[in-house]
Amino acid sequence: MDEPRTRIRPMTLADCDRVSEIRIRGWRHAYRGLMPQPYLDGLSVTADAVRRRARFGQGEGRVVNLVAEREGEVAGWAAHGPYRDGAAEPGDAELYAIYVDPAHLGRGIGRALLAASVERCPCPRMLLWVLKDNTPARRFYERAGFHADGAEEPFEAGGVPVPEVRYVKNLRG
């Protein structure tokens, strides 16, 4: 039997609740043991969805939110836009987030979302931040042609600094 096809489409306001559920489940799955458990346990799908709905459509069209559907169900989400912390180089983009519902991992949904984000990005380079100790995520990005550029900074999770490293990919040429 053929594997169901992944369909990538722009996120809509109606997707906010499901995207928040995927994001929080994704954090709890991917960051278990990498961030304080009380911090992860304290994440709220409801609060995340309220923030997501309030921000939806902001960014003057420069933020791209994509969802991946499998058999009519939203199974993943990715967002990219202008680099947030002052451009590493003029015109750089940043992959802000990419999450797949843990129940759908290993089916190519993350690869499809990442490829669609890269394809829709008009910038010459895309950067992203990943937890330094998140080996599976780092391998995922490396297989997609991203590489660590040497930049590091801590992300604070529940008062505990968690080191992140920056990855970059040249998108043109």
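Only a predicted model underlies this, so the values are computations on that prediction, with no experimental measurement involved.

Student: Where do I start with the sheet that holds strand 7 (residues 160-170) in this structure?
Tutor: Neighbouring strands of a sheet are bound in pairs by backbone hydrogen bonds; such pairs are parallel or else antiparallel. Strand order in the open sheet made by the 7 strands is 1-2-3-4-5-7-6, with mixed pairing throughout. On the outer flanks of this sheet lie strand 1 (6-10) and strand 6 (147-157), each paired with one strand and no other. Strand-to-strand twist of the sheet, defined as the mean angle between neighbouring strand axes without regard to direction, takes the value 30 degrees. The sheet contacts of helix 1 (residues 16-30) involve strand 2 (64-70), strand 3 (73-82), strand 4 (93-100) and strand 6, and relative to strand 3 the element is tilted by about 85 degrees. Along the sheet face, helix 4 (residues 109-120) touches strand 1, strand 2, strand 3, strand 4 and strand 5 (125-131) and points at about 145 degrees away from the line of strand 2.

Student: Looking at this structure, I do not really get the side chain of Glu-164. What am I missing?
Tutor: Its location among the elements puts Glu-164 in strand 7. Buried charged residue Glu-164 carries no salt bridge. Nearest counter-charge: Arg-84, at 7.4 Å.

Student: Which parts of the structure should I look at to understand the packing of aromatic side chains?
Tutor: Geometrically, a pair of aromatic rings is defined through the distance of the ring centres and the angle of the planes. Under the defined criterion, the tally for this structure stands at 7 aromatic pairs. Considering the side-chain rings of Phe-140 and Tyr-141, the 5.2 Å spacing of their centres and the 70 degrees angle between planes classify their relative orientation as edge-to-face. With relative accessibility at 19%, the residue Phe-140 sits in the buried group. Feature note: the residues Trp-27, Tyr-31, Tyr-39 and Phe-155 constitute an aromatic cluster, connected by ring pairs.

Student: Just to check I follow, could you spell out the environment of Arg-62 for this structure?
Tutor: The topology assignment puts Arg-62 in the loop between helix 3 (45-55) and strand 2. Classification of Arg-62 by relative accessible area gives exposed; the value is 53%. As a C-alpha pair, Arg-62 and Gly-150 span 88 residues in sequence and 27 Å in three-dimensional space. If we skip the residues at most four places from it in the chain, Arg-62 touches His-80, Gly-81 and Pro-82.

Student: For this particular structure, what's the right way to read the nonpolar core?
Tutor: A general trend in soluble globular proteins is that nonpolar side chains are found buried together. Of all hydrophobic cores here, the largest spans 25 residues; its most connected members are Ile-98, Leu-114, Tyr-141 and Phe-146. Broken down by secondary-structure element, the contributors of at least two residues to this core are strand 2, strand 3, strand 4, helix 4, strand 5, helix 5 (135-143) and strand 7. Ranked by the residues each element gives to this core, the list is headed by helix 4, at 5 residues. Those residues within four positions of Leu-114 in sequence are excluded, and the remaining contacts are Leu-95, Ile-98, Phe-140, Tyr-141, Ala-144 and Phe-146. In terms of nonpolar packing, the next biggest core, distinct from the first, is built from 19 residues, Val-19, Trp-27, Leu-43 and Trp-77 among them.

Calculation notes
- Every residue gets a number counted from 1 within its own chain, in the order that chain's sequence is written.
- Totals for whole chains, interfaces and linings use all residues, but because this is a predicted model, local features are given only for residues with pLDDT of at least 70 and pairs of side-chain atoms are given and counted only at 80 or more.
- Just so you know, side-chain values use all the structure's heavy atoms and leave hydrogens and water out.
- Two strands qualify as a pair provided DSSP detects at least 2 bridges between them.
- The helix and strand labels rest on DSSP assignments: H or I over at least four residues marks a helix, E over at least two residues marks a strand, and numbering proceeds from the N terminus.
- Helix axes use the C-alpha atoms of the stretch in contact, all axes being lines fitted to C-alpha atoms, and the angles between their N-to-C directions lie in the range 0 to 180 degrees.
- Contacts were defined at the residue level, with two residues in contact if any of their heavy atoms lie within 4.5 Å.
- Only protein chains enter the calculation, and the probe is 1.4 Å; a residue is then buried if its accessible area is under 20% of its type maximum, exposed if over 50%, and partly exposed in between.
- Working convention for charge: Lys and Arg count positive, Asp and Glu count negative, and His plus the chain ends are omitted.
- A pairing counts as a salt bridge when a side-chain nitrogen of Lys or Arg comes within 4 Å of a carboxyl oxygen of Asp or Glu.
- Aromatic rings from Phe, Tyr and Trp, taking only the six-membered ring of Trp, are treated as a pair when their centres fall within 6.5 Å; an angle between ring planes under 30 degrees marks them as stacked, one over 60 as edge-to-face, and anything in between as tilted.
- Only buried Ala, Val, Leu, Ile, Met, Phe, Trp, Tyr and Cys residues count toward a nonpolar core, and they belong to the same one when joined by side-chain atoms within 4.5 Å.

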